[in-house]
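Spelled out, the chains give:
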Amino acid sequence: MVRLGLATTLLAAASFAQAAHQKAPAVVPGAYIVEYEDSHDPTSILASIKGDATIRKDIRHELFKGASFQFKDLNKADDLANKVAAMSGVKAMYPVRRYSLPEYAVHSTGRAVQEVVAKRDTGNDTFTPHLMTQVNKFRDSGITGKGIKIAVIDTGIDYLHPALGGCFGPGCLVSYGTDLVGDDFNGSNTPVPDSDPMDTCNGHGSHVCGVISANTNNPYGIIGAAPDVTLGAYRVFGCSGDVGNDILIEAYLKAYDDGSDIITASIGGASGWPEDSWAAVVSRIVEKGVPCLVSAGNDGATGIFYASTAANGKKVTAVASVDNILAPALLSEASYSVANSSLSTFGFTAGSPSAWANVSLPVWSVNFNTADAANGCEAFPDDTPDLSKYIVLIRRGTCTFVQKAQNAAAKGAKYIIYYNNASGSTKVDVSTVAGVKAAAMVTSETGAAWIKALQAGTQVTVNMADPETAPKNLNNFPNTATPGFLSTYTSWGPTYEVDVKPQISSPGGMILSTYPRALGSYAVLSGTSMACPLAAATWALVMQKRGTKDPKVLENLFSATAHPNLFNDGTKTYPMLAPVAQQGAGLIQAWDAANANALLSVSSISFNDTEHFKPLQSFEVTNTGKKAVTYQLGHTSAATAYTFANDTSIGPAAFPNELVDAKATLVLTPAKLTLNPGQKKTVTVLAIPPLGLDAKRLPVYSGYITLNGTDSTGYSLPYQGVVGSMRSVTVLDKQNSYLSQSSDATYAPVAAGTTFTLPPAGKANDTLYANTVYPTIVLTLSMGSAEVHADVVNSKGKTIGQVLTFPARWNPRGTFEWNWDGALSDGTYAPADTYKITLKALKIYGNSKWPLDWETQTTEPFMIKYAAKSKRAFTA
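Definitions and limits used
- Residues numbered from 1 in each chain as written.
- Predicted model: local features only at pLDDT ≥ 70, side-chain atom pairs only at ≥ 80, totals over all residues.
- Heavy atoms only, no water.
- Helix = DSSP H or I, 4+ residues; strand = E, 2+ residues; numbered from the N terminus.
- Rg over C-alpha atoms; globule rule 2.2 N^0.38 Å.
- Buried < 20%, exposed > 50% of the residue type's maximum accessible area, 1.4 Å probe, protein only.
- Contact = heavy atoms within 4.5 Å.
- Areas by Shrake-Rupley, 256 points an atom, 1.4 Å probe, with all protein chains shown as cover.
- Lys, Arg positive; Asp, Glu negative; His and termini not counted.
- Charge placed at Lys NZ, Arg CZ, Asp CG, Glu CD.
- UniProt positions renumbered as here; feature names shortened; annotations may be inferred.
- Pairing = 2+ DSSP bridges.
- Axes fitted to C-alpha atoms, helices over the stretch in contact; angles between N-to-C directions.
- Parallel < 35°, antiparallel > 145°, perpendicular 65-115°, else oblique.
- Nonpolar A, V, L, I, M, F, W, Y, C, P; charged D, E, K, R; others polar.
- Patch = residues over 30% accessible without salt bridge, like charges linked within 9 Å, V, L, I, M, F, W, Y side chains within 5 Å.
- Salt bridge = Lys/Arg side-chain N within 4 Å of Asp/Glu carboxyl O.
- Disulfide = S-S within 2.5 Å.
- pLDDT = per-residue confidence, 0-100.

With that settled, the discussion passes to the overall build of the chain. Each helix and strand in the chain was counted, giving 13 helices and 48 strands. Taken over the C-alpha trace, the chain has a radius of gyration of 28 Å; the compact-globule value for 876 residues is 29 Å, and the two agree within 12%. Seen through its principal axes, the chain has C-alpha atoms that stretch 85 × 80 × 60 Å. Burial analysis of the chain (876 residues in total) assigns 61% to the buried set. Partitioning the contacts of the chain with sequence separation of at least 6, the portion at a separation of at least 24 is 77%. Total accessible area on the chain is roughly 31,700 Å²; 50% of this is exposed by carbon and sulfur atoms. Here the chain contributes 67 positively and 71 negatively charged side chains, and the mean placements of these two sets differ by 2 Å.

Laid out in structure tokens, this is it:
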């Protein structure tokens, strides 16, 4: 996924732009995970692949008994895998999928402690993410998570950071964990594990751990939400690249075996299916009594129905992100003068590139209109001077930073400063623009002051500083665009089986925390990656306060006491609650969860779709307090989100989906109930979906059942359902599923009758054939499909097998490409002939044995032939 810094009207909230089409986590060719039956001796299974495969992971665990292995001959891999899958004692087979480094936005970074000039008062917990979630109340009461062990599965941690304990091992903040991969691991090579989870090259894990438990030994008054927990760090990423789900499974099982009370991971990839192997293992750990919190994902731009794994696992707590009410920024200090006056200081956020050392130049601006939303978006006028002699000042807005930089560079610009169009500052990346040596951003106030001086005809000279050595100042700007609202990047549920996802929301946008010393020591980042660890820390606080570690009890408490918020699309707020599919139960209110006297038996209710409608459901309410309480029951609706833009659309609309004020009717019995201390009663819920909706557009309705007590307490329970049939939704986008060729980077369709000359069977990896143009199968799923086939049909109309690596299971929506060298799933090769590929996708809730539950698309005919074998060929 490509993250592009868009010059939008938002503050410093992250902009996670999407690629041209969504990609599922990559499958490692020839690599599989096999799960054995619990009582089966795997000796015969492993013996059957001896010589044909290498063992990646041999996992003998009470929660997962199996192994992952890599077949040596990719052309025989699927045939061998099918044979293994059919063996006695094999419970399930899964492909090994690779998950990329966690995606997040870097807004600004600081330097080491001795280089920082601005400090905050650390006497009280005034950290806004804590105020938003009531964490400050725990600190005021002396509850800091002591005695709770939190495992963090991530990129490792710089535990030598003074705010992260300064050591590793017993008695340290980071007292346990391991490195499962090593620095050089990139997902495609062999991991080199060791016992040290140190990370100095990525930073994600160090930021996450600081959110949980940073101590006050830092210049910014950063306070971890639960500073006295014990951390375990499980490093599953090298300095770059990705990781296989077999390593993630191993990490979770290690964290479980090491006695972790909570496991948190800010990792994931598109899925929507709780049945995949990683999600299944995490669900089992929860069932064993260990809460597992996983970030919901940063694909909000793709709209509804884009749940991430392993967050989409059953009983796994998926955490969405809300934006901080402040926009903290670590600004580098530089100076400027107006008409040779005395120097004044200002702050800036260095961008990329950042060669600002010893740059002192006058400022030039396109115009003097600080309200020009498209400033710099058009080609600069012909009378523009040679901009190589200036620092070019451009307002943020409308088009991308890159487009503005390209227009400036066309007139010789080497140095560009953007001034914000809202409060605060953020990092910009124009490193792809030729000729630009440095970029930065300043606040709207600084930009306006310079523009005012320029408009008066006076010269403004800016003396920049090297951001690596310049003093840093912490500035807390008000978030005027999205304070406390759902981050636009946060991924939406539900799953394809209409399970409620996410469960909860937590501050994740614009979060100041620790960072590896080598990368700046402190940073302001955004992502659900930042929301999830704060949620995990609040779980620890409530564990300590209530004396329970039960995952179900904890999730139910947090859900019932959360605060749902209104919908905000990044530019304006709507007078309706954000859908449950975006925010779950709402923003965590941890102190309320810790002190709740009502315990609900569930954390949410799904009425499913029209075809699988479950209109009558129930939940129990228990009074855990010491006084009798009477509760008045009711419900309030959230916005109903249309999945499709219109009733002929193929695929969900992009964010923001169209929202309507359509309300379900709930009949709650009883409407009022009185509970004595320790008493439990059942509430029955009868749902009538909203009327007047277009079922073809698959509207997702939701809301909250409310319980208002005579003791002035209030609780809520999220619900959701779908009007329309998930089974009837189109899953295969036929117009965008076709045959292309590997030489075309745009993946355009090829003409019927195209001939491809392929390497001899089994020689696709020989360097002699490196320039081969392969037929490329392009498959676009408009919604997820549990199973996809690619049948190879010859010139006589006979299906001779499936393309190697098919069938593909548990697929998210998105576009996928496969280059085909003629290999079939049974290990043989299709002979030279004319072929068509028939793509088949199983409908949601479809039965694979029923032909009508499959959608199909057949490509244009094409011809394959094989090159003659050459003795000069050798394998790379």
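Our focus in this paragraph is the UniProt feature "domain: Peptidase S8/S53" (unreviewed entry) in the chain. On the UniProt side, "domain: Peptidase S8/S53" (unreviewed entry) is annotated at positions that read residues 145-571 here. For residues 145-571, the helix share is 20%, the strand share is 27%, and the end-to-end C-alpha distance is 37 Å.

Spatially, five strands are ordered S2-S3-S1-S4-S9 in an open sheet, and the strand pairing comes out antiparallel. Bordering the open sheet on either side are strand S2 (53-60) and strand S9 (242-244), each of which pairs with just one other strand. Geometrically, the sheet is characterised by an average inter-axis angle of 20° between neighbouring strands, direction not taken into account.

For the rest of this paragraph, the subject is the packing of helix H6 (residues 245-257) against helix H7 (residues 277-287). Where H6 meets H7, the axes come as close as 9 Å, and the angle between the chain directions of the two elements is 10°. With respect to each other, H6 and H7 are oriented roughly parallel. Within the contact between the two elements, H6 uses Asn-245, Leu-248, Ile-249, Tyr-252, Leu-253 and Tyr-256 and H7 uses Ser-277, Trp-278, Val-281, Val-282 and Ile-285. Here the residues of the contact of H6 with H7 sort into nine nonpolar, two polar and no charged.

Attention now moves to a nonpolar patch on the surface. A cluster of nonpolar side chains, Leu-616, Val-667 and Leu-686, forms an exposed patch at the surface whose accessible area comes to about 260 Å². With respect to the element layout, Leu-686 can be found in strand S36 (residues 680-688). Overall, Leu-686 belongs to the partly exposed group, its relative accessible area being 35%.

For the structure on display, the rule yields three disulfides. Two residues, Cys-167 and Cys-172, share a disulfide whose sulfurs are 2.1 Å apart. What sets the handedness of the Cys-167 and Cys-172 disulfide is the S-S torsion sign, and at about -125° it is left-handed. On the basis of relative accessibility, which here comes to 29%, the residue Cys-167 falls in the partly exposed class. The partner cysteine of Cys-201 in its disulfide is Cys-239, sulfur to sulfur 2.0 Å. With the S-S dihedral at roughly -90°, the linkage between Cys-201 and Cys-239 falls on the left-handed side. Separated by 38 residues along the polypeptide, Cys-201 in the loop between strand S7 (174-179) and helix H5 (204-213) and Cys-239 in the loop between strand S8 (230-235) and S9 bring together distant segments of the chain. Here the cysteine-cysteine linkages of the chain are recorded as 1-2, 3-4, 5-6, numbering only bonded cysteines and doing so in sequence order. Unpaired in terms of disulfides, Cys-209 finds its nearest cysteine sulfur in Cys-532, a separation of 12 Å. In this model Cys-532 remains outside any disulfide bridge; the closest cysteine sulfur is found in Cys-292, 10 Å from its own.

In this section: the sheet that holds strand S41 (residues 775-781). Here three strands make up an open sheet; going across it, the order is S39-S41-S45 and the pairing antiparallel. Lying at the two open borders of the sheet, with one neighbouring strand each, are strand S39 (738-741) and strand S45 (814-819). Across this sheet, the average inter-strand angle for adjacent strands is 30°, counted without regard to direction. Here four bridges tie S39 to S41, and the two strands are oriented antiparallel to one another. From the neighbouring strand, Ser-740 faces S41, where its bridge partner is Thr-776.

In this model, Ser-352 is joined to Pro-353 through a cis peptide bond whose omega is 5°. Summarising the element assignment, Pro-353 is placed in strand S16 (residues 344-354). The amide bond that connects Gly-493 to the next residue, Pro-494, takes the cis arrangement and shows omega of -10°. With a phi close to 70°, Gln-134 is a non-glycine residue in the positive phi region. Mapping Gln-134 onto the fold places it in the loop between helix H3 (128-133) and helix H4 (135-140). Residue classification places Gln-134 among the buried positions, given a relative accessible area of 8%. Of note, Tyr-845 is a non-glycine position whose phi angle comes to about 65°, a positive value. With respect to the helices, strands and loops of the structure, Tyr-845 is situated in the loop between strand S46 (833-842) and strand S47 (854-858). Looking at Tyr-845, the relative accessible area reads 25%, which means it is partly exposed.

One rule of thumb: low pLDDT means the predicted coordinates there are not for detailed reading. Looking at the chain, pLDDT values average 91 and 94% of them are 70 or higher. Here residues 1-21 scores under 50 on pLDDT; set against residues more than four positions off or in separate chains, the count is 82 contacts. Contacts of residues 112-123 to residues separated by more than four positions or lying in other chains number 32 contacts, the stretch itself having pLDDT below 50.

Along the chain, Met-783 turns up in the loop between S41 and strand S42 (785-793). You can call Met-783 buried: its relative accessible area is 0%. When the C-alpha atoms of Met-783 and Val-462 are compared, they prove to be 52 Å apart, with 321 residues separating the residues in sequence. Discounting residues that sit within four places of it in the chain, Met-783 has contacts with Phe-305, Tyr-496, Pro-652, Leu-698, Met-726, Val-729, Thr-730, Val-731, Arg-813 and Ile-844.

To continue, consider the pairing of strand S6 (residues 149-154). The two faces of the sheet receive side chains in turn, since in a regular strand these alternate between them. Most of S6 is tucked away: five of the six residues are buried. In terms of strand pairing, S6 meets S8 through six bridges, oriented parallel. Among the inter-strand pairings, Ile-150 is bridged to a residue of S8, identified as Leu-231.

We now examine the packing of helix H10 (residues 528-546) against helix H11 (residues 551-561). Relative orientation of the contacting elements H10 and H11 amounts to 110°, with a least axis distance of 11 Å. Between H10 and H11, the angle is such that the two are roughly perpendicular. Mapping the contact onto sequence places Thr-538, Trp-539, Val-542, Met-543 and Arg-546 in H10 and Leu-554, Glu-555, Leu-557 and Phe-558 in H11. Residues that form the contact of H10 with H11 fall into these classes: six nonpolar, one polar and two charged.

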